[in-house]
Protein chains: 4
Amino acid sequence: MLSSIDIHSSVAVYVQIENHVQFAIASGRLKPGDQLPSVRELSERLEVNPNTVAKAYRDLEVMGLLYTRRGMGVFVNKGIEVKCREDCRKRIIGRLHEVVAEAKAAGMEADEIGEIVAKSMSFDASPYGATPSSLLQLARPRKKAAK
Amino acid sequence: MLSSIDIHSSVAVYVQIENHVQFAIASGRLKPGDQLPSVRELSERLEVNPNTVAKAYRDLEVMGLLYTRRGMGVFVNKGIEVKCREDCRKRIIGRLHEVVAEAKAAGMEADEIGEIVAKSMSFDASPYGATPSSLLQLARPRKKAAK
Amino acid sequence: MLSSIDIHSSVAVYVQIENHVQFAIASGRLKPGDQLPSVRELSERLEVNPNTVAKAYRDLEVMGLLYTRRGMGVFVNKGIEVKCREDCRKRIIGRLHEVVAEAKAAGMEADEIGEIVAKSMSFDASPYGATPSSLLQLARPRKKAAK
Amino acid sequence: MLSSIDIHSSVAVYVQIENHVQFAIASGRLKPGDQLPSVRELSERLEVNPNTVAKAYRDLEVMGLLYTRRGMGVFVNKGIEVKCREDCRKRIIGRLHEVVAEAKAAGMEADEIGEIVAKSMSFDASPYGATPSSLLQLARPRKKAAK
DNA sequence: GTGGTCTAGACCACG
DNA sequence: GTGGTCTAGACCACC
């Protein structure tokens, strides 16, 4: 698998990038002050249009995860790891509640649901390649941001 | 709350309607032979474009859940409750797997997830208003299909 | 003057559009539920690329001022006029404080500043064409949003 | 706060530096003949790219505020304090007009604006730290220009 | 018809 | 070199 971006997925490419970055920050693979790959570089690595990467970066800046220094590059904001992690958690818990409620409404029993969850836990499929990194070597090896 | 359709949701309106109907059949709120509200009536009740309702009905007919009698209306097919229930189940299990995988990737532990599921099971919130039904009074009180 | 958008301005076109819309809502020229001109229509009227208009609309949606109904169009959100007005006011007051502080630091006297303000008030230049509307006839004459 | 340069600001860093210098001259904190910190020194103090400082100095030289003596450094020109003060004033008045026009367009009354201005005048906040100086100790304590 | 997404490629300001 | 903006035009899903 060359890329962890799936062009044919129903979820938009730029959203996939956003999720990757958010997850990388939440999991500590991207640290505050780290520089992200340049728009052009990442777009080449992912074989997508620079605009698509730029859009993802811009969204993440609006969300407060990244900041941009003109002519310098894009960097991870400080003091957002915790919030980022919590947001991830909350989002997941919310969806978990939703789907369990639905399961219950559909007449599934607690045992049954428990089993499914257990089975799911034993797989090691992670949506964002939790392994050290597939293609998205998100942090630039170079330098930290100058302040 | 007048409607259980969320026009601000990211999931398409017609899909929401399809899910509602499927779930209503699976849970027995809609029984084989029951007539559904007319496209026009439902579209007015949901404040939604008639085309949207029509598309949902058409899809459901293709799926085999409904059938249309010209000039009479749209009815629930017979012998599909089991399949419908299974489809519902599959859909839910799929989503369950998804969200659990994501939770795991985000570093949540099995115990933690189990707790959340348990807590969720103890509530009696159902996504589509398991209560007699909010707006989607899907079965017409009138008549059964003459077939 | 055919258009109130200034292509040669240093402020980005999409920002100009955003300001126009925000101001139109704050001033009541656009009311909750009103439909905005379609991306294509506005882009033709302003003689800019559809993407530029779309970007403005999208930003305003993120800001919570607008919402989108797929296939239907873009509408003004409810319950945001007050907040919108207040945000406008706060932004202006903040900038006012800034510039007055700077003026003071530069050694200007209260009288002098007062005079300038008074003179400025007597002009009727408004950045967003407060007149009934220059080109940006922002509300569509047609219909309100269905819900 | 170590620096009065805001790298997250939307106004370019080099412009911020130019404004700082211009204001320092206008307010007498930098006097004709004073030597400015070297490009290298200032860039380190501000944690900014040397090119950025160099560009600011170059611009200011073009504007006639500074002059460079090869091998000696950059100095404040003579006979420009008045012009500098006037330029500052013009810039401020321009911005004042802008913001007042916007306030008016937003429906604020003359009285209201007057009050805000008055209140702002009573504070002693100055944008560039009118206090002896935060980081931008713009004049080098060493020597005056030999000319 | 509507908006959403993406591509290809241009020009600009900043560092 | 960096990102920001804009254009032109494509295809898609939804209504």
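Let us look at the structure shown here. Every value quoted in this text rests on a predicted model; they were computed, and no experiment measured them. Per chain, residue numbering runs from 1 following the sequence as it is written. Throughout, the order in which chains and ligands are written sets their labels, letters from A for the former and numbers from 1 for the latter. Per-residue local features of the predicted model are confined to residues with pLDDT of at least 70, and side-chain atom pairs are confined, for both listing and counting, to 80 or more; whole-chain, interface and lining totals are unaffected and use all residues. The basis for every side-chain value is the complete set of heavy atoms in the structure, and neither hydrogens nor water enter the calculation.

**Overview of the interface of chain D and chain C**
Put simply, the rule is: Only heavy atoms matter for contacts: two residues are in contact if any of them lie within 4.5 Å across the pair. Summed over both partners, the accessible surface that disappears when two parts come together, traced with a 1.4 Å probe, is what is meant by buried area. A side-chain nitrogen of Lys or Arg and a carboxyl oxygen of Asp or Glu constitute a salt bridge if their distance falls within 4 Å. Whenever a nitrogen or oxygen atom comes within 3.5 Å of another N or O atom, the pair is scored as a polar contact, on the condition that within protein one atom can donate a hydrogen and the other can accept it, and that pairs from neighbouring residues in sequence are kept only if both atoms are in side chains. By definition, any uninterrupted DSSP run of H or I lasting at least four residues is a helix, any uninterrupted run of E lasting at least two residues is a strand, and each is numbered from the N terminus.
Taken together, the 34 residues of chain D in the interface contact 34 residues of chain C. Approximately 3,300 Å² of surface area, both sides summed, lies buried where chain D meets chain C, with 71% of it carried by carbon and sulfur atoms. Among the residues of chain D in contact with chain C, Leu96(D), Glu102(D) and Met121(D) are the three that bury the most area, contributing 20% of the side total. Linking chain D to chain C there are eight salt bridges. Between Glu102(D) and Arg91(C) there is a salt bridge, and its shortest N-O distance comes to 3.3 Å. Between chain D and chain C we count 10 residue pairs in polar contact (both at pLDDT 80 or more) in total. Ranked by residue count, the leading element in the side of chain D that touches chain C is helix 4 (residues 81-105) of chain D, at 15 residues.

**What about the relation of the copies chain D and chain C?**
Put simply, the test is: What sets the superposition is a least-squares fit of C-alpha atoms, and only residues with pLDDT of at least 70 in both copies go into it.
With an axial shift of 0.3 Å and an RMSD of 1.1 Å, the rotation relating chain D to chain C amounts to 174°. Expressed as a symmetry operation, the mapping of one chain copy onto the other fits a two-fold axis. Looking at the interface residues of chain D, 100% of them are also at the interface in chain C, so both copies use one shared face.

**With respect to the protein's contact with DNA strand F**
Which entries qualify depends on this criterion: Near residues are defined by distance, with any heavy atom within 4 Å of the molecule or strand qualifying the residue. As a working rule, the residues Ala, Val, Leu, Ile, Met, Phe, Trp, Tyr, Cys and Pro are called nonpolar, Asp, Glu, Lys and Arg charged, and the rest polar, with Gly in that last group.
Around DNA strand F there are 25 residues in total, and Val13(C), Asn49(C), Asn51(C), Arg70(C) and Met72(C) lie nearest to it. If you look at DNA strand F and keep only atoms within 4 Å of the protein, 67% of those are sugar or phosphate atoms. A distance of 3.5 Å separates a phosphate oxygen of DNA strand F from a polar backbone atom of Val13(B). Mapped by element, the contributors of at least two residues to the surface near DNA strand F are helix 2 (39-46) and strand 2 (73-76) of chain A, helix 1 (13-26) of chain B together with helix 1 (13-26) and helix 3 (50-62) of chain C. By residue number, the principal contributor to the surface near DNA strand F is helix 3 of chain C, which donates three residues. Across the surface near DNA strand F, the residue classes tally to 10 nonpolar, 11 polar and four charged.

**What about the protein's contact with DNA strand E?**
The local shell around DNA strand E holds 25 residues, among which Val13(A), Asn49(A), Asn51(A), Thr52(A) and Arg70(A) are the closest. Near the protein, meaning within 4 Å, the atoms of DNA strand E are sugar or phosphate in a fraction of 68%, with bases accounting for the rest. Interatomic distance of 2.8 Å between a backbone N/O atom of Asn49(A) and a phosphate oxygen of DNA strand E. Interatomic distance of 3.2 Å between a side-chain N/O atom of Ser38(C) and a phosphate oxygen of DNA strand E. Listed by contribution, the elements that provide at least two residues to the surface near DNA strand E are helix 1 (13-26) and helix 3 (50-62) of chain A, helix 2 (39-46) and strand 2 (73-76) of chain C together with helix 1 (13-26) of chain D. The biggest single contributor to the surface near DNA strand E is helix 3 of chain A, with three residues. Here the residues of the surface near DNA strand E sort into 10 nonpolar, 11 polar and four charged.

**Considerations on the side chain of Gln35(C)**
Residue and element names in this part refer to chain C. Using the following cut-off: Here's how the labels work: a residue is buried when its accessible area is under 20% of the maximum for its type, exposed when over 50%, partly exposed in between, all with a 1.4 Å probe on protein chains only.
Position of Gln-35 relative to the elements: it lies in the loop between helix 1 and helix 2. Looking at Gln-35, the relative accessible area reads 2%, which means it is buried. Within the local environment of Gln-35, its side chain forms a polar contact with the backbone oxygen of Met-72, the two atoms lying 3.0 Å apart.

**Looking at the pattern of salt bridges**
In this structure the tally under the stated criterion is 28 salt bridges over all chains. Salt-bridge contacts for Arg40(B) lead to Glu44(B); the nearest nitrogen and oxygen are separated by 3.9 Å. Here Arg40(B) pairs with Glu44(B), and both are found in helix 2 (residues 39-46), just four residues apart, close to one helical turn. Just as Arg40(B) is exposed, Glu44(B) falls in that class too. A salt bridge links Arg95(D) to Glu98(C), with the shortest nitrogen-to-oxygen separation between them at 3.5 Å. You can see Arg95(D) sitting in helix 4 and its partner Glu98(C) sitting in helix 4 (residues 81-105), one on each of two chains. Several salt bridges converge on common partners, so that one network encompasses Arg91(A), Arg95(A), Glu98(B) and Glu102(B).

**Examining the packing of aromatic side chains**
Here is the rule we go by: Classification of ring pairs rests on two measures: the distance between centres of Phe, Tyr or Trp rings, Trp counted by its six-membered ring, which must be within 6.5 Å, and the angle between planes, read as stacked under 30 degrees, edge-to-face over 60 and tilted in between. By definition here, charges over rings are those cases where NZ of Lys or CZ of Arg is within 6 Å of the ring centre and within 35 degrees of the ring normal.
Taken as a whole and judged by the stated rule, the model has four aromatic pairs over all chains. With a centroid separation of 5.7 Å and 25° between ring planes, the pair formed by Tyr67(B) and Phe75(B) is classed as stacked. Judged by its relative accessible area of 15%, Tyr67(B) falls in the buried class. Residue placement shows Lys55(A) over the ring face of Tyr14(A); its charged tip is 4.4 Å from the ring centre.

**Let's talk about the environment of Gly33(B)**
Residue and element names in this part refer to chain B. One can find Gly-33 in the loop between helix 1 and helix 2. Assessed through its relative accessible area of 7%, Gly-33 is described here as buried. Taking C-alpha positions, Gly-33 is 6.2 Å from Asn-77, a pair spaced 44 residues apart along the chain.

**So, the packing of helix 5 (residues 110-122) of chain A against helix 5 (residues 110-122) of chain B**
Stated formally: Every axis corresponds to a line fitted to the C-alpha atoms, with the helix fit spanning only the stretch in contact, and the corresponding angles, defined between N-to-C directions, vary from 0 to 180 degrees. If an angle is under 35 degrees, it is roughly parallel; if it is over 145, roughly antiparallel; if it lies from 65 to 115, roughly perpendicular; otherwise it is oblique. Left-handed describes a crossing whose near helix is turned anticlockwise from the far helix by less than a right angle; the clockwise case is right-handed.
Two numbers describe how helix 5 of chain A lies on helix 5 of chain B: the axes approach to 11 Å, and their chain directions differ by 155°. Comparing the axis directions of helix 5 of chain A and helix 5 of chain B gives the class roughly antiparallel. As helix 5 of chain A runs across helix 5 of chain B, the sense of the crossing is right-handed. Across from Ala110(A), Ile113(A), Val117(A) and Met121(A) in helix 5 of chain A, the residues of helix 5 of chain B making contact are Ala110(B), Ile113(B), Val117(B) and Met121(B).

**Observations concerning the pairing of strand 1 (residues 66-69) of chain C**
Residues and elements named next belong to chain C. Going by this rule: At least two DSSP bridges between two strands are required for those strands to pair.
Pairing geometry for strand 1 and strand 2, over four bridges, is antiparallel. By the bridge assignment for strand 2, Arg-69 is matched with Gly-73. Where strand 1 folds back onto strand 2 in an antiparallel hairpin, the turn is made up of three residues, including Gly-71, whose phi is positive at roughly 75°.

**Observations concerning the nonpolar core**
Residue and element names in this part refer to chain B. Our working rule: Put simply, a nonpolar core is a bunch of buried Ala, Val, Leu, Ile, Met, Phe, Trp, Tyr and Cys residues held in one set by side-chain atoms that sit within 4.5 Å of each other.
Ranked by size, the top nonpolar core spans 27 residues in total, and within it Ile-17, Val-21, Ile-25 and Leu-66 carry the most contacts. Looking at this core, the elements with two or more residues in it are helix 1, helix 2, helix 3 (50-62), strand 2 (73-76) and helix 4 (81-105). At seven residues, the largest contribution of residues to this core is made by helix 1. What Leu-66 contacts, discounting residues up to four positions off in sequence, is Val-21, Leu-36, Tyr-57, Leu-60, Glu-61, Val-74, Phe-75, Val-76 and Asn-77.

**Some details on the interface of chain B and chain A**
At the interface, 34 residues of chain B touch 34 residues of chain A. Summed over both sides, the interface between chain B and chain A buries roughly 3,300 Å², with carbon and sulfur atoms accounting for 71% of that surface. For the pair chain B and chain A, the number of links is eight salt bridges. Counting only elements with at least two residues in the side of chain B that touches chain A, the list comes to helix 4 and helix 5 of chain B. Grouping the amino acids of the side of chain B that touches chain A by side-chain chemistry returns 20 nonpolar, four polar and 10 charged.

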